[in-house]
Amino acid sequence: MKWDWNAVADFMPHFWDGLLVTLQILVIGSVISFVLGLVWALLMRVPARWVTWPVGVITEFIRNTPLLVQLFFLFYVMPEWGLTFSALTTGVVGIGLHYSTYTMQVYRAGIEAVPVGQWEAATALNLPLRRTWSAVILPQAIRRVAPALGNYVIAMLKDTPILMAITVLEMLGEAQLFSREHFQFTEPLTVIGVAFIVISYLASLALRALERRLAH
C-alpha cells in the first residue's frame, strides 16, 4: 500500500463540504435535543397522568428503538402521509429527536438534585411558578448537568455518519462517494477518522473547561 498525498489534496474540497454538513447536523441537532429534552422533562413533572403517560410512552419508544429505524421511518414512511422533507432536514430532526430522550433523563436528574430548600425558599417568597422555574430551579439544574449534556453532543457527533443511510453527505458520505469514484479508500477514510478524533478531542477539552468553570 502506498500513501498518495495527491489523493488527499483531491479529496479535501469534498471533506470541507462534508465537514460543514456534519457541523450543521451537530449544532442544530444539539439545539433540538436540548430544547425538546427540557420540554419532555418538564411535561413528566405535570401532576396529570393524561400528560405524563403519553410522554413516557413516546420517549421510551424513541429511546429503545435504533436511530437508523427512526431515520428510515421519517425519510421513507412520513412522505406517504404527506410530510416530505429534505434528507438533511430529516436527519437533523431525527437525530435531535432521538437524543432528546436522553437529555430528558439528564434534565430530570438535575432537577431532582436541586435541594428541597430551594423550592421552599421560592414558596416562602411567594414567587409565581413560572418565576420559580426560570429563576431558581432551572439555572441550578442546568448548571449541574451541563457537562453530561456536553457528552451527548460528542455522542451525537459520532452518530452523524448514520445519516448517510438516508443520502445525507456528511464527512463519511463524502469520503465514500469520493472513494467509489476514484477507487482510493485509504486516504479519504483516514482523513475522516482523524477529523473525528480531532473534533471529539477539542469538544472534550471544552467540556473539561466548562466543568472547571462550573465548579467555581
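Higher on the page you've got the structure.
Scoring rules and cut-offs
- Residues numbered from 1 in each chain as written.
- Predicted model: local features only at pLDDT ≥ 70, side-chain atom pairs only at ≥ 80, totals over all residues.
- Heavy atoms only, no water.
- Helix = DSSP H or I, 4+ residues; strand = E, 2+ residues; numbered from the N terminus.
- Buried < 20%, exposed > 50% of the residue type's maximum accessible area, 1.4 Å probe, protein only.
- Contact = heavy atoms within 4.5 Å.
- Areas by Shrake-Rupley, 256 points an atom, 1.4 Å probe, with all protein chains shown as cover.
- Lys, Arg positive; Asp, Glu negative; His and termini not counted.
- Charge placed at Lys NZ, Arg CZ, Asp CG, Glu CD.
- Phe/Tyr/Trp six-rings, centres within 6.5 Å; stacked < 30°, edge-to-face > 60°.
- Expected span 1.5 Å × (residues − 1).
- Bend = angle between axes of the 7 residues up to and from the residue.
- Polar contact = N/O pair within 3.5 Å; in protein donor to acceptor, adjacent residues only side chain to side chain.
- 1 Å grid on protein atoms, 1.4 Å probe; cavity = no way out; pocket = protein on both sides within 12 Å on 5 of 7 lines; lining within 4 Å.
- Points joined across faces, edges and corners; volume = space filled by probe spheres on them.
- Core = buried A, V, L, I, M, F, W, Y, C linked by side-chain atoms within 4.5 Å.
- Axes fitted to C-alpha atoms, helices over the stretch in contact; angles between N-to-C directions.
- Parallel < 35°, antiparallel > 145°, perpendicular 65-115°, else oblique.
- Left-handed = near helix turned anticlockwise from the far one by under 90°.
- Nonpolar A, V, L, I, M, F, W, Y, C, P; charged D, E, K, R; others polar.

**Q** How should the overall build of the protein be read in this particular structure?
**A** Assigned secondary structure in the protein consists of eight helices and zero strands. Along the protein, helices and strands appear, N-terminal first, in the series α-α-α-α-α-α-α-α. Counting only C-alpha atoms and orienting by the principal axes, one finds that the protein spans roughly 70 × 50 × 20 Å. Across the 216 residues in the protein, those meeting the buried criterion constitute 39%. Taking contacts inside the protein between residues at least 6 apart in sequence as the whole, the part at least 24 apart equals 78%. Within the structure as shown, the protein displays about 12,400 Å² of accessible surface, and the carbon and sulfur contribution to it stands at 68%. Between the centroid of the 14 positive side chains of the protein and the centroid of its 13 negative side chains there is a distance of 17 Å.

**Q** Teacher, can you tell me more about the packing of aromatic side chains here?
**A** For any pair of aromatic rings, the description consists of the separation of the ring centres together with the inter-plane angle of the planes. This model, assessed by the stated rule, comprises 10 aromatic pairs. Residues Trp3 and Trp5 carry aromatic rings whose centres are separated by 5.6 Å and whose planes lie at 75° to one another, so their mutual orientation is edge-to-face. For Trp3, a relative accessible area of 32% gives the class partly exposed. Assessed through its relative accessible area of 62%, Trp5 is described here as exposed. Ring geometry for Phe73 versus Trp81: centroids 5.8 Å apart, planes at 85°, classification edge-to-face. The class for Trp81 is exposed, based on a relative accessible area of 59%.

**Q** Even after reading the chapter, I still don't get the side chain of Ser200, so can you show me in this structure?
**A** Here Ser200 shows up in helix α8 (residues 186–215). Look at Ser200 and you get buried, because its relative accessible area is 13%. Not counting the four nearest positions on each side in its chain, Ser200 is found in contact with Ile154, Leu157 and Lys158.

**Q** Sorry, what's going on with helix α1 (residues 5–43) here?
**A** Because each turn of an α-helix spans 3.6 residues, side chains separated by three or four positions end up pointing in the same direction. The terminal C-alpha atoms of α1 lie 54 Å apart, and with 39 residues this matches the ideal 57 Å at 1.5 Å per residue to within 8%. Where α1 bends most, at Met12, the angle is about 40°, and the proline Pro13 comes one to four residues later. Here α1 starts with a cap whose side-chain oxygen sits 2.9 Å from the backbone nitrogen of Asn6, and that cap is Asp4.

**Q** Would you take a moment to explain the layout of surface pockets for this structure?
**A** Empty pockets left among the atoms are what a rolling probe the size of a water molecule brings to light. Counted as a void, the largest pocket has a volume near 190 Å³. As for the largest pocket, its lining consists of Phe61, Ile62, Thr65, Val69, Gln70, Phe73, Leu74, Gly94 and Leu97. Secondary-structure elements contributing two or more residues to the lining of the largest pocket are α2 (49–63), α3 (67–77) and α4 (87–113). Ranked by the residues each element gives to the lining of the largest pocket, the list is headed by α3, at four residues.

**Q** I keep staring at the nonpolar core and nothing clicks. Help me out?
**A** Soluble globular proteins tend to bury their nonpolar side chains together. Counting 27 residues, the largest nonpolar core has Phe11, Phe15, Ile25, Ile95, Val168, Met171 and Ile192 as the members making the most contacts within it. Contributing elements (two or more residues each) for this core: α1, α3, α4, α6 (129–159), α7 (171–182) and α8. With seven residues, the single largest contributor to this core is α1. Those residues in contact with Phe15 that sit more than four places away from it in its chain are Met171, Val191, Ile192 and Ala195. One finds Tyr107, Trp133, Ala141 and Val145 within the second-largest nonpolar core, a separate group that totals 16 residues.

**Q** I keep staring at the packing of helix α5 (residues 116–124) against α6 and nothing clicks. Help me out?
**A** Between two packed helices, the angle of one axis relative to the other and the distance separating the axes together describe the packing. Relative to each other, α5 and α6 sit at 165°, their axes nearing to 11 Å. The angle between α5 and α6 falls in the class roughly antiparallel. As α5 runs across α6, the sense of the crossing is right-handed. Between α5, through Gln118, Trp119 and Ala122, and α6, the contact on the second element is made entirely by Thr132, Trp133, Val136, Ile137 and Gln140. Partitioned by chemical class, the residues of the contact of α5 with α6 number five nonpolar, three polar and no charged.

Functional significance is not addressed by these values, which are geometric in nature.
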